[in-house]
Amino acid sequence: MFFVTGTDTDSGKTLISTGLLIALKRASERLGLQWQTMGVKPIASGAAMTPAGLRNQDALQLMAASSLTLSYEQVNPICFQQAIAPHIAAQTCEVSIAPEAIVAQLDLSAMAGADVCLIEGAGGWRLPLGNGHYLSEVAQHLKTPVILVVGMKLGCLNHALLTQEAILADGLPIAGWVANRLDPQMSVFDENLASLQQMMCAPFLGCVPFLTHPSAQQVADFLDVTPLGVPQMTT
């Protein structure tokens, strides 16, 4: 089980999470196994109303990349229609999103039963939940290693290092990090990437280039899941 966070709201957490799920599935097949994988989005803001209820695109993408067939509610138990800060949306809807309330709505049995479960956060590591609480407390409660997605753009060095410091200060290990190129025109990209590779303390899982029409299958081609302990995982 891993918690996926990012350096910012638009760092590409969902894209990288779906790519990781596909890469992990491929890794299991190379070992002659059929791992059961699942992606979870505990809380999401920004959803369309459908006949079945609110549906968030990030959660739907995670469902599509997972090998386990799950209900929408198992993947995304807390969903707000407005694409605004979740704690503000929760106040408007009079819904509690305290860390313990979020954990209580997760299907922990299904998550523990999967060979690989990725829990995608919302926003960055310090996403506010209101009343002095943060989404990072959910990861702390679950004691999950963290995968950090670094959105490669101007300012990413500072964002990456501050996020790394915060995760470690919260007592959680960083299982790996991914560089996700957001800006195709980013100056001295290679030099920035090299600097991060020197300064980050966790294994480097890969660099995803800027993709015009990205897909989970494409992203998986650029990811190395071996540092996540893939050879040791069993069905």
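Keep in mind it's a predicted model, so treat the numbers as computed, not measured.

*Asks:* Kindly report on unusual backbone geometry, identifying the contributing residues and their values.
*Replies:* Despite not being glycine, Asn131 shows a phi value in the positive range, around 55°. Here Asn131 is to be found in the loop between β8 (128-130) and β9 (133-134). Accessibility expressed as a relative area gives 80% for Asn131, which makes it exposed. With a phi angle near 55°, Lys143 is a residue other than glycine that sits in the positive phi range. Turning to its location among the elements, Lys143 is positioned in the loop between α7 (136-142) and β10 (146-152). Overall, Lys143 belongs to the exposed group, its relative accessible area being 68%.

*Asks:* I'd like to hear about helix α4 (residues 86-93), residue by residue, with values.
*Replies:* Those residues of α4 that sit buried are Pro86, His87, Ala89 and Ala90. Along α4, the residues classed as buried sweep out an arc of 160° about the axis, all on the same side. Those residues of α4 that are exposed and angled more than 90 degrees off the buried face are Gln91 and Thr92. Buried residues belonging to α4 abut β3 (43-45), β6 (78-80) and β8. A positive phi of about 55° marks Glu94, the residue just after α4.

Each value, and the rule that gives it
Residues numbered from 1 in each chain as written. Predicted model: local features only at pLDDT ≥ 70, side-chain atom pairs only at ≥ 80, totals over all residues. Heavy atoms only, no water. Helix = DSSP H or I, 4+ residues; strand = E, 2+ residues; numbered from the N terminus. Buried < 20%, exposed > 50% of the residue type's maximum accessible area, 1.4 Å probe, protein only. Arc of directions from axis to C-beta. Contact = heavy atoms within 4.5 Å.

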